[in-house]
Amino acid sequence: MSKKAVWIWSTNANQGTRGFSTTFGFIVRPYKFQRELREALAPEWEVEFISADVLDDDIPAADVTMCGFSIVAYLDKERYHNLVVIPELDLMQYNYAAIKERLAEFL
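Residues numbered from 1 in each chain as written. Predicted model: local features only at pLDDT ≥ 70, side-chain atom pairs only at ≥ 80, totals over all residues. Heavy atoms only, no water.

### Remarks on the packing of aromatic side chains
Per the counting criterion, the structure on display carries 7 aromatic pairs. With 5.8 Å between their ring centres and 40 degrees between their planes, Trp7 and Phe49 make a pair best called tilted. In this pair, Trp7 sits in strand 1 (residues 3-13) while Phe49 sits in strand 3 (residues 45-53), placing the two residues 42 residues apart along the sequence. Judged by relative accessible area, Trp7 falls into the buried class, the value being 1%. Considering the side-chain rings of Trp9 and Phe49, the 5.5 Å spacing of their centres and the 90 degrees angle between planes classify their relative orientation as edge-to-face. Here the residue Trp9 occupies a position in strand 1, and Phe49 occupies one in strand 3, the gap between them amounting to 40 residues. Phe49 shares its class with Trp9; the two are buried. Among the aromatic side chains, those forming a connected cluster through ring pairs are Trp7, Trp9, Phe33, Phe49, Tyr94 and Tyr96. (Phe/Tyr/Trp six-rings, centres within 6.5 Å; stacked < 30°, edge-to-face > 60°. Helix = DSSP H or I, 4+ residues; strand = E, 2+ residues; numbered from the N terminus. Buried < 20%, exposed > 50% of the residue type's maximum accessible area, 1.4 Å probe, protein only.)

Listed below in structure tokens is the structure:
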């Protein structure tokens, strides 16, 4: 049985965008990153990408919550249990092995 990871891709307040996952150069290819990360972490992990509403108390159930370093400023860290923050360089370089290692270190 695989574990579940929720990746906070962006934040919003009542569905109005507040923050994105990382720098603009990376956002240009978000679907490539999301698809390849899911493939790299399978079958151990099932990854769901979300836009988190910072005004809503509902947080999707998961074994771990992940986000890029630049989005941490928008999050109330007390609300998100098991938060794994991924360095921007790993995101921009599509370094899936480093992301997988980060997950392994956390658990």
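Having put the structure on the table, let's press on.
### Re helix 4 (residues 96-106)
Listing the buried residues of helix 4 in full gives Tyr96, Ala98, Ile99 and Leu103. Along the axis of helix 4, the buried positions cluster into a sector of 165 degrees, meaning they face one direction only. Facing away from the buried side of helix 4 by more than 90 degrees, the exposed set consists of Ala104 and Glu105. Contacts made by the buried residues of helix 4 are with strand 1, helix 2 (30-41), strand 3, strand 4 (64-68), strand 5 (83-86) and helix 3 (88-92). (Arc of directions from axis to C-beta. Contact = heavy atoms within 4.5 Å.)

### Looking at helix 2
In this model, helix 2 (12 residues) spans 16 Å end to end at C-alpha, consistent with the 16 Å of a helix rising 1.5 Å per residue. Buried within helix 2 we find Pro30, Phe33, Gln34, Leu37 and Leu41. One face of helix 2 carries all of its buried residues, which in axial projection span an arc of 95 degrees. Across from the buried face of helix 2, at angles greater than 90 degrees, the exposed residues are Tyr31 and Glu39. (Expected span 1.5 Å × (residues − 1).)

### Notes on unusual backbone geometry
For the bond from Ala42 to Pro43, the omega torsion is 0 degrees, close enough to zero to count as cis. Position of Pro43 among the secondary structure elements: in the loop between helix 2 and strand 3. At Tyr94, a residue that is not glycine, the phi angle is positive and equals roughly 55 degrees. Relative to the helices and strands, Tyr94 is located in the loop between helix 3 and helix 4. With relative accessibility at 22%, the residue Tyr94 sits in the partly exposed group.

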